[in-house]
Amino acid sequence: MYSLSFNPIEKIDFAFLFIIGVSFFILAFITFLMIYFLVKYRRSKNPEPAQIEGNVFLEITWTIIPIIIVFFMFYFGWSGLKALRNVPEGAIRIDVKARMWSWLFEYENGKKSNKLYVPLDKPILLELTSEDVIHSFYAPAFRIKIDVVPGMKTYTWFRPEKIGEYEILCAEYCGRGHADMHSKIVALDENKFYAWLKEGGEHVSEGKALFENYGCSSCHALNGQKLIGPDLKNIIGKETILIKDGKEIKKVIDENYFRESVFFPEKEVVKGFDSVMPSYDGQISEEELDRIIEYLGGEGEEQKEVKGHEIAEREGCFSCHTTDGSVSVGPSFKGLFNSKQKIKIDKTIKTITADEDYIIDSILNPSEYIVDGFDNIMPPYKDLTDNEIKALVDYIKSLSE
Ligand code: CUA
């Protein structure tokens, strides 16, 4: 363990300088000897060449000296690597997800971003995973280059000492978008960093507190578990079978239904559950309910377009899709909605209309809906929630108006 003020950069730079220094010294020494011998043993002074048969002392010397030098190179390199693996206690953990072809950063409060925001002078622990192929997280300013391998969690750390932006690159060839797979480390002073972290995250934690304080969490799980009541994770937008007056009806849960069922839970009950929930009429304010809905993944009308754009940015869509109509690795988002597209299905080409269903399908199962003329390289985005997909689709639609 190192102290909080330690910075591995010094160790790595020392290893680098040592190797460069030794190499230059050897280069100069050999060049000098070559010139010296050329002059000293030139033919005009030494017409008869000498025949020398081995020299045990010299042979041992030129074997042992390089071994010692290489050993020191190894030692300094190894201590730099060790410094990057010994994370100081109290480091701030940030999850790094690599995928074709973007970086996603997730903070301890659940906030996500596509640039790596960090506070000044604090050790930052990065836990790296890959969703698809091998990538390599390369941040030259912090001397970090670490492979990100699918199915394996790895880690490293660094400590920013100056406010500013620093390059992040992918240093392992990972397909067509490899060269575009870059991002930035943004080092902010501590107060600014925490202000940034809270913004957008604040409502979430408030909604979370309300959800727990009102006791919702004792009957409703948020992780897919069936408790006394239905699981509420991403409930808004989910198609559900409800029992109304003893009859089954199918309904897509929207915010209105959600509000109603908080105030009048017995009216329409999700099939398979008992009608045991008490009414919260008069207990929860509309505003508090907004917070809870926000926490559960709902969102207000007016935020949709901005959010869709943010999600597209966060998910790295723009590495392959432009918004100005120009062709990149994939088709442009501009004018895509409701346009006619030729797609390849089982080698036959079919003309379809890029409507909402098509766009959703091609986010979830891109390989089945390849637009003619493009390669089948888009990864499926199965982790997106229904709401996020809806926001994305709305955003794509907005680019065709
Ligand atoms: Cu990711 Cu190259």
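Structural data are supplied above this passage.
Residues numbered from 1 in each chain as written. Predicted model: local features only at pLDDT ≥ 70, side-chain atom pairs only at ≥ 80, totals over all residues. Heavy atoms only, no water.

Peer 1: I keep staring at the overall build of the protein and nothing clicks. Help me out?
Peer 2: Along the protein, the regular secondary structure elements total 10 helices and 16 strands. Here the C-alpha atoms of the protein give a radius of gyration of 31 Å, more than 25% beyond the 21 Å that 2.2 N^0.38 yields for 401 residues. Nonlocal contacts in the protein, meaning residues at least 24 apart in sequence, comprise 60% of its contacts between residues at least 6 apart. Accessible surface for the protein amounts to roughly 23,700 Å². Of this, 57% is attributable to carbon and sulfur atoms. Computed over 47 positive and 62 negative side-chain charges, the inter-centroid distance for the protein is 6 Å. (Helix = DSSP H or I, 4+ residues; strand = E, 2+ residues; numbered from the N terminus. Rg over C-alpha atoms; globule rule 2.2 N^0.38 Å. Contact = heavy atoms within 4.5 Å. Areas by Shrake-Rupley, 256 points an atom, 1.4 Å probe, with all protein chains shown as cover. Lys, Arg positive; Asp, Glu negative; His and termini not counted. Charge placed at Lys NZ, Arg CZ, Asp CG, Glu CD.)

Peer 1: What is the right way to look at helix H1 (residues 9–40) in this model?
Peer 2: Residues spaced three or four apart along an α-helix face the same direction, because each turn holds 3.6 residues. Taking 1.5 Å per residue, 32 residues should reach 46 Å; H1 reaches 46 Å between its end C-alpha atoms and fits that length. If you check which residues of H1 are buried, you get Ile9, Ile12, Ala15 and Val22. Tucked into the core, H1 has its buried residues touching helix H2 (56–85). (Expected span 1.5 Å × (residues − 1). Buried < 20%, exposed > 50% of the residue type's maximum accessible area, 1.4 Å probe, protein only.)

Peer 1: Just checking my understanding: could you explain the sheet that holds strand S16 (residues 370–371) for this structure?
Peer 2: Backbone hydrogen bonds hold the strands of a sheet together, and the pairing may be parallel or antiparallel. Across the sheet, 3 strands lie side by side as S15-S14-S16; this open sheet has antiparallel pairing. A single partner strand is all that each edge strand has here, and the edge strands are strand S15 (348–353) and S16. With 6 bridges connecting them, strand S14 (residues 340–345) and S15 associate as antiparallel partners. Pairing of Ile343 across the sheet is with Lys350, part of S15. (Pairing = 2+ DSSP bridges.)

Peer 1: What am I meant to see in the sheet that holds strand S1 (residues 92–99) here?
Peer 2: Spatial strand order, S3-S2-S1-S5-S8: 5 strands in an open sheet with mixed pairing. A single partner strand is all that each edge strand has here, and the edge strands are strand S3 (112–113) and strand S8 (154–158). The pairing of strand S5 (residues 124–130) with S8 spans 5 bridges and is classified as antiparallel. Of the residues in S8, the one forming a bridge with Leu128 is Thr154.

Peer 1: Even after reading the chapter, I still don't get the side chain of His135, so can you show me in this structure?
Peer 2: With respect to the helices, strands and loops of the structure, His135 is situated in strand S6 (residues 135–139). Separated by 2.8 Å, the side chains of His135 and Asp132 make a polar contact. Those residues in contact with His135 that lie beyond four places of it in its chain are Ala98, Arg99, Met100, Trp103, Ser130, Ile146, Asp147, Val148, Cys170, Glu172, Cys174 and Met181. (Polar contact = N/O pair within 3.5 Å; in protein donor to acceptor, adjacent residues only side chain to side chain.)

Peer 1: How should the environment of Ser217 be read in this particular structure?
Peer 2: Here Ser217 shows up in helix H5 (residues 216–219). The spatial distance from the C-alpha of Ser217 to the C-alpha of Leu232 is 9.5 Å, given a sequence separation of 15 residues.

Peer 1: Sorry, what's going on with the pairing of S6 here?
Peer 2: Both faces of the sheet carry side chains from a regular strand, because those side chains alternate between them. Of all 5 residues in S6, 4 are buried; the element is thus mostly enclosed. With 5 bridges joining them, S6 and strand S7 (residues 144–148) adopt antiparallel strand pairing. When the sheet's bridge partners are listed, Phe137 is paired in S7 with Ile146. Connecting the antiparallel pair S6 and S7 is a turn made up of 4 residues, with Arg143 showing a positive phi of about 60°.

Peer 1: Help me out: how do you make sense of a nonpolar patch on the surface in this one?
Peer 2: The grouping of Val56, Ile60, Ile64, Ile68, Phe71, Phe72, Phe74, Tyr75 and Trp78 at the surface amounts to a nonpolar patch, some 920 Å² of accessible area in total. Assignment of secondary structure puts Trp78 in helix H2. (Patch = residues over 30% accessible without salt bridge, like charges linked within 9 Å, V, L, I, M, F, W, Y side chains within 5 Å. Salt bridge = Lys/Arg side-chain N within 4 Å of Asp/Glu carboxyl O.)

Peer 1: I keep staring at the environment of Pro160 and nothing clicks. Help me out?
Peer 2: Counting through the fold element by element, Pro160 comes out in the loop between S8 and strand S9 (164–170). Look at Pro160 and you get buried, because its relative accessible area is 0%. The sequence separation of Pro160 and Asp274 amounts to 114 residues, and the corresponding C-alpha distance is 54 Å. For Pro160, the contacting residues outside a window of four places in its chain are Val118, Pro119, Leu120, Asp121, Lys122, Ile124, Phe142 and Ala187.

Peer 1: How should I be thinking about the pattern of salt bridges in this particular structure?
Peer 2: Once the charged atoms of two side chains with opposite charge are near each other, the side chains can pair. Enumeration over the complete set of coordinates arrives at 18 salt bridges. Measuring nitrogen to oxygen at the nearest pair gives 2.7 Å for the salt bridge that ties Glu315 to Arg99. Within this pair, whereas Glu315 is found in the loop between helix H8 (304–314) and S14, its partner Arg99 is found in strand S1, the two being separated by 216 residues in sequence. Judged on exposure class, the residue Glu315 and its partner Arg99 are both buried. Notably, a salt bridge pairs Lys251 with Glu268, separated by 3.2 Å at the nearest N-O pair. Taken together, the residues Lys251 in strand S12 (residues 247–252) and Glu268 in strand S13 (residues 268–270) connect sequence positions 17 residues apart. Under the relative-accessibility criterion, Glu268 is labelled buried at 9%. Taken together, the salt bridges that share partners define one network made up of Arg93, Asp95, Glu127 and Lys153.

Peer 1: When you look at helix H9 (residues 356–364) in this model, what are you seeing that I'm missing?
Peer 2: Regarding H9, the residues found buried are Tyr358, Ile359, Ser362 and Ile363. Buried residues in H9, looked at end-on, bunch into an arc of 135°, giving them a common side. At its buried positions, H9 is contacted by S14, S15, S16 and helix H10 (386–398). (Arc of directions from axis to C-beta.)

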